[in-house]
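If you want the building blocks of each chain, they are given just below.
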Amino acid sequence: MGIKRSYCQYSNEPTDDAGVESVKIYLPTKNGYIRYNLVHSVLPNKQCDTWRLGPAYHCNDEFAEDELLTRPRAEWEMAIRLRDRCDFIGGAAHGDEVFESISVWINGAERSLSTMCGLTPFETLMIRVDSVGFDPDAPGVQVLEHRKTVSACGDRLWVDQRVRWLADALLGQSYLAMMPPLKTLTKRYRAGDTAYRPITVRSFTDKGQLSSLTLQGDSGYTFTMSVPKYLSDGERNIFIITDNGGDQYHKMYFVLCHSGAAHAGDCWETTTVYRIEK
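Residues numbered from 1 in each chain as written. Predicted model: local features only at pLDDT ≥ 70, side-chain atom pairs only at ≥ 80, totals over all residues. Heavy atoms only, no water.

Here we come to the side chain of His258. Along the polypeptide, His258 turns up in the loop between β21 (251–255) and β22 (261–262). Among the polar contacts made by the side chain of His258, one reaches the main-chain carbonyl oxygen of Gly172 at a distance of 2.8 Å. There is a polar contact of 2.8 Å between the side chain of His258 and the backbone nitrogen of Gly260. Once residues lying within four places of it in the same chain are set aside, the contact partners of His258 are Leu171, Gly172, Gln173, Ser174, Leu231 and Trp268. (Helix = DSSP H or I, 4+ residues; strand = E, 2+ residues; numbered from the N terminus. Polar contact = N/O pair within 3.5 Å; in protein donor to acceptor, adjacent residues only side chain to side chain. Contact = heavy atoms within 4.5 Å.)

Laid out in structure tokens, this is it:
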């Protein structure tokens, strides 16, 4: 039996997370495929109209969906908080993000979404989304530009992000790397290359010379998020694992070390790598 290929497929059907269309990304694992979903979520009441990573699924070798792996309506890429605001900026969970363009390249050649309606094999996939973030307290005021490039190759998904600040801003705790695996699939964690430890409390924070965080359980799934490029550059990275008050996931975060403020013209650039194995 040969090595399984990776596939992507565009759908204009409604989907998870108030999605009006999506790109399904099937990456091979030992048993079946992990399907990541780049979803175009539209929630007018939250000023959300953007492409973002939605819930991931395990699919069998015939591409049929058989298990939900991550919590719906949870963010993976951006959650930035202006100080004293009631909510973050970013995606369907928080809103105040509107996309301006999406571009797709398969094996280095630019493609339109309409040419990807069938299962489309690829060696490399790259999807770039440009969006604008708004002040939650002043929904007409743009405060940042957000560019993310979602790339897939082998069994990993890369997300390169750039946040360019359009105005000076005081900031609360914020994130550009998150992952929301379900509690039912995760009982242990490993920070960097340390031994696995049981998850015994609902929320905890730690830091160290590490750039990856891995969760696993007894069902055969392993969830890894790494940050080879982050504002802290691997020096004393801070991570959080929490169920956010009793929710259905063990959500993983790397905290942005932004010193409490951003200035007009500042650019933040990060890289996050996701890997789900079965």
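The structure having been displayed, the exposition proceeds.
What follows deals with the sheet that holds strand β14 (residues 175–179). Spatial ordering of the open sheet is given by β14-β21-β20-β17, a layout of 4 strands whose pairing is antiparallel. Since the sheet does not close on itself, it has two edges, and those belong to β14 and β17 (203–208), each with one partner. Along the sheet, successive strands turn relative to each other by an average axial angle of 20 degrees, direction set aside. Here 3 bridges tie β14 to β21, and the two strands are oriented antiparallel to one another. Following the sheet pairing, Met179 is matched in β21 by Met252. (Pairing = 2+ DSSP bridges. Axes fitted to C-alpha atoms, helices over the stretch in contact; angles between N-to-C directions.)

Let us look at the side chain of Thr214. Structurally, the position occupied by Thr214 is in strand β18 (residues 212–216). For Thr214, a relative accessible area of 2% translates into the label buried. Polar side-chain contacts of Thr214 include one of 3.1 Å to the side chain of Thr224. If near-sequence neighbours (up to four positions away) are discounted, Thr214 is found in contact with Arg188, Tyr189, Arg190, Tyr196, Thr222, Phe223, Thr224 and Met252. (Buried < 20%, exposed > 50% of the residue type's maximum accessible area, 1.4 Å probe, protein only.)

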